Every structure is written in C-alpha cells, then in structure tokens.
Amino acid sequence: MIKLAAMFVFFFMIAVIVFYTFLLIVSFIQLRRLYELDEWEPYEEMLDVSYTKPVSILVPAYNEEAGIFATVRSLLSIEYPEYEIVVINDGSTDDTLERLKRDFDLIPMKRVIRQQLKTKPIRAVYRSRKFSHLFVIDKENGGKADALNAGINFSSYPYVCSIDGDSVIERRAFLKVMKPIIDSDEEVIASGGSVRIANGCDIEKGEVIRIALSRQPLVVMQVIEYLRAFLMGRIGLSRHNLLLIVSGAFGVFSKQWVIRAGGYAHTVGEDMELVVRLHRLIKETNADKKIVYVPDPVCWTEAPESMSDLRKQRRRWHRGLFESLWLHRRMWFNPRYGSIGLISMPYFLLIEFFGPVVELVGYILIVISLILGDIYIEFAILLFLVSVLYGSIFSMAAVLLEEWTIRKFSNVSDVVRLFFYSLTETLWYRPLTVLWRCEGIVDALLKRKGWGEMKRKGVSK
Amino acid sequence: MSDSLVLFAWIVISLSLLLTAIFSYLVTQKVKENRWRKEVESYKSLYEPILLRYLFDGQHVPAPLVSAQYVAMIELLDHFILVLDNGVKERATLLAEQYLSTYLQKQLHHRRLGRRMNALFYIEDFQLTSFLPELEKRYDDKETTMMEKRQLLKMFALFRHPHVYEYMKHVDESFTQFDYRLILSRMDDHTFTKMIDYFFDWGEKMQYALIDMIGIMQKLPHVSFLLTLLRHEQSEYRIRALKALAEMAFPLEDDQLRIHLHSQVWQERLMALRLCARIRQHTLIDIIKQLMKDQVFSVRSQAAEALLRMPNGLAMLEQIAQTSDDPYARDMAIEWLERGREND
C-alpha cells in the first residue's frame, strides 16, 4: 500500500518535473534572446500620442488608507502619453476616501456612467483639481470585482488596467506592457506584467529608488517563489498562448473584450477567472486574439511578512484557483478549447491545484516510512530526493534564470542570498505552503468564504 | 529499488553541482559587470564636459580606446542628441562617424540579438547614413530576424534609401499597421506620394496606415485624395478619411458632412461629428442636436462636445439639459456642461 502510494507520488512528481523543465527551457531561450537590449530605445516612439492607445488605470481600494497615496502618486508619474486614473473606493470603512479627498483636492463632478456591467450603486464621483486625469468613484461595498466593473463603466479609454491598492508601478511599465498590444494591431487583447515583491526595496513617493532584497527569510522565499512563477511558468505558457493568469496586481485588458466577457466575476481569484473567460470567448468566437505576458515591466507589491498573513493569503489564492477551475470545468480536457482545454486547464488542475495534495501525501509518506524503518527508509530517501528536485532545484534554476537574463538585483550579495535560500526551500518553506494550500482546498470544499485581509503597512516612505 | 535510489541521488547531486557551477559563473560575471559598469559611469562623467565642449565649440575629443570608453561615449552622445536641439546633431553625427563606426559595425554582427538591435538604434539616432550598404546586406541576410528587419526598414525610410518603395512591396505578412505607420512617419514626401499614388495596390493594413498618417502628419497635399475616399463605398475608408480630416481640422462642405452625419454606420457619424467639433461648423447645429439623441453612447458624447465648442455652446447644452425629451441627451448635456464650465 505504502509502496503503491510512494510510486504514485514519485511518478507524479517526475511528470511535473518534465513539464517544468520544458517551461524552463522555453523561458530561457525567450529571455536570453533579448538579453542586453536597450531599456529605452524600443519604447521611445510609443511616447507619441498619435500612435499609442490611451489607458484607464483602475485602482480598487477597500480600506487602503495606508497605501493608497503612494499607489496613486506612483501612477501620476508614469511615462505614458495618455491615461486616466480611476480610484474606486469600494465602501471602505476607514479613511481611504477622506485621505484621497485631502491629498488630491477632490471635488464632486457629474458624469454619465454607461452601465455596461452591473454593479452596486455609486454614491458619488469626484475629480481632482490638481490632476485633471485623476478620478475617484465612491460606491457601496461590493467586493473587488464589483469595484473593477464600476471602474470599467466609468472609464473613457479603450484599454483598462487594474492595479491593487498597494502596489507601486515602475514608470515605464505601461509602455512596456502596452507594446505587444500596439505592435500587434490589437491582436493581443490582454497583456500582463511581472509582479515583484517590494519589501526590502527603497520606495519613495511611489517610485522605486533602489531594488534590494528583504532581510526576512519568509519574504526572501516569496521573492524566489515569484521568480519561479513569473519567469519560468508564465513566459513558457505565454509563448504558446496558454496563459491563464494575468496578474491581478498588474495587467492591461481590452475594455471591449472584458465587457463582452461579462466583466470581472465575484470569485476570489477574479483576475485568473477573467483570463479564463477571455480565452473561452476567444475560442468560442473563433477570434484570432492572444493573451501575453511581458517578463520585464515590474509592479512592486507588498508581501506578507508574518506566517499568519502568508497562510491566509495562500489559502485564499488556492480557494480562488479552485473556484475559477470549477466554474469553467466544461473546459477541462475539452478538445473544443484547443490547447487551453487540453494543456492549460489540465496543468492548472493537476499540477497547480492537486499538486500540493500529492506533495503533502509525499511528506506524510516520508514520515511514515522513517517510522516504519527497514526497507521503507529507501522510499523515504527517494521521495525526499525527488521533492528536492521538484522544489529546491527548480527554485535555484529560477534564481539563476533571473540573474542570467533580467538582472533586477544589482547587489552581488542579494543574488548569493537568493541562491542559498532557494536551496533550503524543500526543507521548510515548501512544506508550509503545501499545507496552507491544502487548507485552501478544504476551505473550498466546505465553501468557506471571507477575505482574510492582511494588515498592510504601506510599501512607500 | 536501491538502483533507482542511487541513480536519483546522482541526478540530484549532479544537478546541484551544475547549478552551483552556473551560480559561481554568474556571480563572478556580475562582479565583473558591476565593476565594468562603474568604469563606464566614471568615463561618462569624464567625457561629459569634453563632449559638450565639442558639440558647442567643436573642440577636440580624444578617441575612445577600450570598450567602456566606447559605451560611455555612445550613451552620452545618444542622450545629448535627445535633449539638445538640432544645431549640435551634425557634430554628433560627425563624431560618431569618426570614432564609433568600427565599434558599432562589430556590434552589428554580434551573436546576440539584443546587442545587434542596440547597434541599429544607435546608428539611427546618430544618423549614420554611411552604414546604408551594410544595413542593406543585413536586411537581405537570411539569418536576420523580423525584429531587425522592422528596424532596418524604418532606417531605410529615414536615410532616404532610393529603393524604400521596392522594399516595402516585399515586406513580410507579419508587419502590422503600427509598423507601417512608423516607417511612413520617417518617409520623405516624394516616396510617400508614390505610396499614395498606388494606394489601391497595397494591402489593407498599409492602406489604413497611409490614411492615418496623412492626418497625423498633417500632409495637406493629400487632402484631395482623402476627399475621393469619402465617396468610397467601403465604410472603413470613409471613417478613416474623416478621422484624418478631423485631425487636420480641414473644413468640409455642409452637404458633404451632412451625408456622413446621417450615415448608417455609427463610427462614420462619430468621426463626422469629431470633424464638426474641430472646425466649429455651426451651420450644422440642428443635425448635431439631433445626434445628441443618437442610440450610440459615444456618438452622443461626441455630439455634446461638438456643441460645446460652438460659439454659444454652453447655452445650447443648457437648453438641452433642461428641455430635451430624451433622458440620455439630457444626461450627456449635463456632463458636458460641467466639463465646459471647468475649462472656462
């Protein structure tokens, strides 16, 4: 019995390793190709208004009084020829709205809002007297998706971008993320950028001054995890139009397509859900459209620093993943949806969603085998080795991939620390996140709700 | 079992070793690179006053000898070209011809695409037309990527290559309207006119790009061509032509505009309204008022903007806001009234 289970875990992990290796190679080739390309030259011509599509930047805010100022400030100084910022105060119970009114000199305005998507009632609309392209919508609480939909209704430009209330955007991020859309004559309908962790960096008035690695082991591990997810996973998937996640923290969408797809839905992982729906719409209407991921443009976000916040976050994420997958279960293994139905969906279902269960079984088996001793010791060692390969080795590879291609960290010591921390992943961080994600599955099965909000302290000085 | 165990242990150990080796390599590279970058920066501060003296007074600049000096000089020069005005550009070109050509030539053949692209960008920025024969060779090279070809064509247009037109006829299918626009924006008037002369021989993407560029670049001599397009049966031509005319604020006859304002295609009504707004065609106010009740949101919004721009616009919107029988028209009027008052 134990042997059978151990073999199952073993072969499962081997299969996943093969898949990851494939993604790693695709990403490496892709990233290395444009290594050392000038940071600025390719984007210079996009600053000309006549060529570039205007973007409405949506910032849903629910109790974000700590971070909202920095987020809006960072957005006010981005380099993009034409854009508007729409902050949606989703019935915050703290001083978010007051803070905005005070900091940006808001006054009420009248605006006809096209109800293309249904949302909770809007109480008032404000515009800033200081910045003519800054607007604030005050509405009744309806959740993040509802806030985003209200923002879409209000927005006046053909592209929308959603940004979390506590992230900081690099000044050229929009040029970079819009480039594939403009370059392709709008064949690309959604484009997502990398998200990195802001803890440890110096951020002043909404601008990243110096990139550095946090001192906290838990944060360092998350940095590695993000590298792994973004650099390895998404580039590989994007290359073959298999991308199912455009990060909620930073992604640009064609408004027309989002509205056709019905807007954001009230799920925990509304960003992934929307992307799945867009893919579905593309396939169902036989449209020749794409969703891409841009490795470089960076949005910096605050990562949880305590175990309990991280646990809440991971449980929520995993529940969100489940909801999106369940909602679109018709697409699983369905040849009608092409590679999305046959590769992406199964990948997210089997590897991303069930993976933690198998890993957890693996860890339990290791413990049982060690207790039983004798020939079982061999199982224990084998399973341990394969999970090292699955966890640590791939994370090390992701760190190296970063250093080999994008090189955001300028300090040698940061890279050294990243590498050695990634070595320890299998020993402590991985089992913890596996456990939390399994808790997320239990939550999903028990239909537990709630956000598990993390208390933010704001990334900016 | 124990066999596979040993095998696995080997795999994990050798992979770890391999990764550690790569890691050590990358770290040493990084140390080197950081040091090199510092060197470049220090050369930059050294060169800055020297280059400025050269650009303004023509004083002598010592030739760069090592790669860090080349890079420092290139980066500085590129920056100056961007921020300083035209007068200094010829001197910058001259200096680049003299000192940087060999370096850029080498970069043009670098095995890494990123480096080759950078070299192309610099050649374009420094206007090194002497590279044309070399660039031609690169374009015809089978190994050259699409990304480079796009950039090369832009440069051919900018450098007045005598055969740009022929090159354009054979470009890859994957070129987008945006690519075409960028190439057209650099093109001399003579070639541009030739492109327009053979308008209907081009593919759709190029045609749309051509119409758009007439508007964006305010090419007045081609207005008559746009006017012929207004009579074309295909609505996309009419819409784009109206958009280009609006861009140039070119006044149209009332009768002509009336046709478009009554079009079945809402985009055409929208663009006609945009043109009315730009040229303040007050003789058409009655139709514009009617369009405040249009079924399409953007048309109503554009109609309101057009009214606002007319002399007496605020009063007209005020009247619609208070007396219109159409609630949508009233809402839109209220919104634009506010916008209008803000700007007062």
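Quick caveat: nothing in here was measured; it's all calculated off a predicted structure. Every chain's residues receive numbers from 1 upward, in the order its sequence appears when written. Ligands are numbered from 1 and chains lettered from A, in the order in which they are written. In view of the model being predicted, local features appear only for residues whose pLDDT reaches at least 70, and side-chain atom pairs are presented and counted only at 80 or more, with totals across whole chains, interfaces and linings using the full set of residues. Water and hydrogen atoms play no part in the side-chain values, which are based on all heavy atoms of the structure.

1. Examining the overall build of chain A
Per the secondary structure count, chain A includes 14 helices and twelve strands. Values of the radius of gyration come from C-alpha atoms, whereas the globule rule sets the reference at 2.2 Å times the count of residues to the power 0.38. Scaling as 2.2 N^0.38, a compact globule of 461 residues should have a C-alpha radius of gyration of about 23 Å, and chain A matches this with 22 Å. Each principal axis of the C-alpha distribution contributes one length, and for chain A these read about 75 × 50 × 45 Å. Relative accessibility under 20% of the residue-type maximum defines a buried residue, over 50% an exposed one, and the middle range a partly exposed one, all with a 1.4 Å probe and only protein chains included. Considering chain A as a whole, with its 461 residues, one finds that 63% of them fall into the buried category. Any two residues whose heavy atoms approach within 4.5 Å at even a single point are treated as in contact. In chain A, once contacts between residues fewer than 6 apart in sequence are set aside, the share between residues at least 24 apart is 80%. A 1.4 Å probe and the Shrake-Rupley method give the accessible areas. Residues count as covered only by the protein chains that appear here. Of the roughly 17,700 Å² of accessible surface on chain A, a fraction of 58% belongs to carbon and sulfur atoms. The centroid of the 58 positive side-chain charges in chain A is displaced by 4 Å from the centroid of its 53 negative side-chain charges. By definition, any uninterrupted DSSP run of H or I lasting at least four residues is a helix, any uninterrupted run of E lasting at least two residues is a strand, and each is numbered from the N terminus. Charged residues are defined narrowly, with Lys and Arg counted positive, Asp and Glu counted negative, and His plus the chain ends left uncounted. Charge positions are represented by NZ for Lys, CZ for Arg, CG for Asp and CD for Glu.

2. Looking at unusual backbone geometry
Residue and element names in this part refer to chain A. For Glu36, which is not glycine, the phi dihedral falls at a positive 70°. Mapped onto the elements, Glu36 comes out in the loop between helix H1 (2-33) and strand E1 (55-61). Accessibility expressed as a relative area gives 27% for Glu36, which makes it partly exposed. Notably, Asn63 is not glycine yet its phi reads approximately 50°, a positive angle. By the element assignment, Asn63 lies in the loop between E1 and helix H2 (68-76).

3. Notes on helix H10 (residues 338-353) of chain A
Residues and elements named next belong to chain A. The largest bend in H10 comes to about 25°, at Pro346. Buried within H10 we find Ile340, Gly341, Ser344, Met345, Pro346, Tyr347, Phe348, Leu349, Ile351 and Phe353. Here the buried face of H10 lies against H1, helix H6 (217-239), helix H8 (270-284), helix H9 (307-327), helix H11 (355-372) and helix H14 (429-445). At every residue, the bend is computed as the angle between two fitted axes, covering the seven residues ending there and the seven beginning there respectively.

4. Quick notes on the pairing of strand E11 (residues 250-254) of chain A
All names here are of chain A. Buried residues dominate E11, accounting for five of its five residues. Covered by surrounding structure in E11 are Phe250, Val252 and Ser254 together with Gly251 and Phe253, the residues of both alternating faces. Here a strand pair is declared whenever DSSP counts at least two bridges between the two strands. Bridge analysis of strand E6 (residues 159-163) against E11 gives five bridges, and the strand direction is antiparallel. Residue pairing in the sheet places Ser162 in a bridge with Gly251 of E11. When strand E8 (residues 188-197) meets E11, the two strands line up antiparallel, connected through three bridges. For Ser191, the partnering residue across the bridge sits in E11 and is Val252.

5. Focus: the UniProt feature "transmembrane region" (unreviewed entry) in chain B
UniProt positions are given in the numbering used here, feature names are shortened, and annotations may be inferred rather than shown by experiment. Using the residue numbers shown here, the UniProt feature "transmembrane region" (unreviewed entry) corresponds to residues 6-28 of chain B. Secondary structure across residues 6-28 of chain B comprises 100% helix and 0% strand; the distance between its end C-alpha atoms is 33 Å.

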